[in-house]
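For reference, the chains in residue letters:
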Amino acid sequence: MSTIQDISAFLQKGRSKNVKALVQQALDENEDPKVILNEGLLAGMMVIGEKFKNNEVFVPEVLVAARALNAGLTILEPKLVEIGNEPVGKAVIGTVKGDLHDIGKNLVAMMLKGVGFEVNDIGVDVAPETFIEQAESMGADLICMSALLTTTMPNMEATLNLLKEKGLRDKYIVMVGGAPVNEKFAEQIGADYYTPDAATCAEVAKKAVSER
Ligand code: B1M
């Protein structure tokens, strides 16, 4: 197997140390950083995303793979910046105000990174104003909101209303998700997309940004 294939394989096993060492090795072998990213790290994460969607792997496997992806990125990022690798888009993501659940949100953030987005994860208990301030300051394409409590779902609508009030609604693609959220609710509050899981969110996000 080539170093690039090894990166993908070790990432899928969640072996951060190996991934880090292999990314360094690939750079030392003068491999193109974009190839290391796309055919090594992101290809590995896509496999995990697909398996997660099909219930072939579960949350712990995804989290360790995501950790390995991040480990590889710490080595690769300076090189990507040097050569000016453009992200496919920029996304702000957080769990809405009043809600402290972050496991699903973290998975979505990882999958978005996995398909090439620059992601600003602004954490949990995020107020509508903060979503908007952060989206404005990073020049985001996407605002992604997660909610796990029926009591905090209305805070998604509050963010959309504030966007409208500020005349910024059309500037962003707004995506919502989380266990109690569904298509009907997303439609009711005027979000652009509801997706049921992290891998689908990343796929839909990439398509939505490319079609803009
Ligand atoms: Co909480 N909790 N919890 N909890 N908790 C739930 C959500 C609950 C369903 C449990 C239950 O009663 N059966 C219930 C909510 C009931 C409701 O509102 N209908 C509940 C409750 C009531 C509470 C507290 C109020 C309990 C209390 O204190 N009395 C409290 C609230 C605290 C707060 O937020 N203010 C609370 C606290 C906690 C813990 C801190 C203990 C812990 C959170 C730890 C953490 O996140 N760091 C916790 C946990 C772990 C859960 C359960 C057990 C698991 C949630 C989880 O991480 N799932 C949960 C029960 C359950 O869901 N079975 C429960 C795994 C995760 C991968 O799935 O987040 O759904 P999920 O993400 C999925 C999709 O939804 C989607 O992608 C992921 C998969 O790919 N997705 C998106 C998520 N965000 C997306 C965004 C997108 C697209 C897809 O687009 C932007």
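This text gives an overview of the structure that appears in the document. Computed from a predicted structure; not experimentally measured.

Another aspect to go through is the side chain of T195. Its location among the elements puts T195 in the loop between β5 (193–194) and α9 (198–211). Other than its neighbours up to four places away in sequence, T195 contacts M175, V176, G177, T200, C201 and V204.

With that settled, the discussion passes to the packing of helix α2 (residues 16–28) against helix α4 (residues 59–83). Two numbers describe how α2 lies on α4: the axes approach to 7 Å, and their chain directions differ by 25°. The angle between the axes of α2 and α4 places the two elements in the roughly parallel class. Crossing of α2 over α4 shows right-handed handedness. Counting all contacts with α2, which are made through S16, V19, K20, V23, Q24 and L27, the residues of α4 involved are R67, A68, A71, G72, T74, I75, L76 and K79. Looking at the contact of α2 with α4 residue by residue, the classes come out as seven nonpolar, four polar and three charged.

In this section: the pattern of salt bridges. Under the counting rule described, the total for this entry stands at six salt bridges. The residue K53 makes a salt bridge to E203 at a minimum N-O spacing of 3.0 Å. Placement of the pair is K53 in helix α3 (residues 33–53) and E203 in helix α9, with a sequence separation of 150 residues. If you follow the salt bridges from partner to partner, you end up with E50, K53 and E203 in one network.

Time to look at the nonpolar core. Core analysis: the largest hydrophobic core is formed by 47 residues, its most contacted members being L41, M45, L112, F117 and L142. Not counting residues up to four positions away in its chain, the partners in contact with L41 are I7, L11, V19, V23, I36, L69, G72, L73 and L76. F131, F185, A186 and I189 belong to the second-largest nonpolar core, a separate cluster that totals 27 residues.

On to the coordination of the cobalt atom of the ligand, then. You will see that the cobalt atom of the ligand has only one donor from the protein, H101 (NE2), lying 2.2 Å away. Summarising the element assignment, H101 is placed in the loop between β1 (89–95) and α5 (103–114).

This brings us to the site of the ligand. Around the ligand, the surrounding shell holds 27 residues, and the nearest of these are L100, H101, D102, S146 and A198. One of the side-chain N or O atoms of S146 is found 2.8 Å from a nitrogen atom in the ligand. Here A179 contributes a backbone N or O atom positioned 3.2 Å from an oxygen atom of the ligand. Elements with a minimum of two residues in the shell around the ligand: α5, β3 (142–146), β4 (173–177) and α9. Considering each element in turn, the shell around the ligand owes the most residues, four residues, to α5.

On to the packing of α4 against α5, then. Where α4 contacts α5, the axes come no closer than 10 Å and their chain directions differ by 45°. With respect to each other, α4 and α5 are oriented oblique. In this structure, α4 crosses over α5, and the sense of that crossing is left-handed. Here α4 contributes V59, V62, L63, A66, L69 and N70 to the contact with α5, which in turn contributes I103, L107, M110, M111, K113 and G114. Class assignment for the residues of the contact of α4 with α5 results in nine nonpolar, two polar and one charged.

Turning to helix α7 (residues 154–165), a few remarks are in order. The first and last C-alpha atoms of α7 sit 16 Å apart over twelve residues, in line with the 16 Å expected at 1.5 Å per residue. Among all positions in α7, only M156, T159, L160, L162 and L163 are buried. Buried residues along α7 cover an arc of 160° about the axis, so they all sit on one side. Here the buried face of α7 lies against α6 (128–138), β3, β4 and α8 (183–189).

This brings us to the pairing of β3. β3 sits mainly inside the fold: five of its five residues count as buried. Of the two faces of β3, the one carrying L142, C144 and S146 and the one carrying I143 and M145 are both buried. Note: β1 against β3, five bridges, orientation parallel. Looking at β3, one finds that T95 is bridged to S146. Where β3 meets β4, five bridges bridge the pair, whose relative direction is parallel. Its bridge partner being in β4, S146 is matched across the sheet by G177. Crossover connection from β3 via α7 to parallel β4: handedness right-handed.

About the thresholds
- Residues numbered from 1 in each chain as written.
- Predicted model: local features only at pLDDT ≥ 70, side-chain atom pairs only at ≥ 80, totals over all residues.
- Heavy atoms only, no water.
- Helix = DSSP H or I, 4+ residues; strand = E, 2+ residues; numbered from the N terminus.
- Contact = heavy atoms within 4.5 Å.
- Axes fitted to C-alpha atoms, helices over the stretch in contact; angles between N-to-C directions.
- Parallel < 35°, antiparallel > 145°, perpendicular 65-115°, else oblique.
- Left-handed = near helix turned anticlockwise from the far one by under 90°.
- Nonpolar A, V, L, I, M, F, W, Y, C, P; charged D, E, K, R; others polar.
- Salt bridge = Lys/Arg side-chain N within 4 Å of Asp/Glu carboxyl O.
- Core = buried A, V, L, I, M, F, W, Y, C linked by side-chain atoms within 4.5 Å.
- Buried < 20%, exposed > 50% of the residue type's maximum accessible area, 1.4 Å probe, protein only.
- Donors = N, O, S within 2.8 Å, 3.2 Å for Na, K, Ca; no water.
- Near = heavy atom within 4 Å.
- Polar contact = N/O pair within 3.5 Å; in protein donor to acceptor, adjacent residues only side chain to side chain.
- Expected span 1.5 Å × (residues − 1).
- Arc of directions from axis to C-beta.
- Pairing = 2+ DSSP bridges.
- Right-handed = clockwise from strand over helix to strand, strands pointing away.

Spatial relationships are all this shows, so hold off on functional conclusions.
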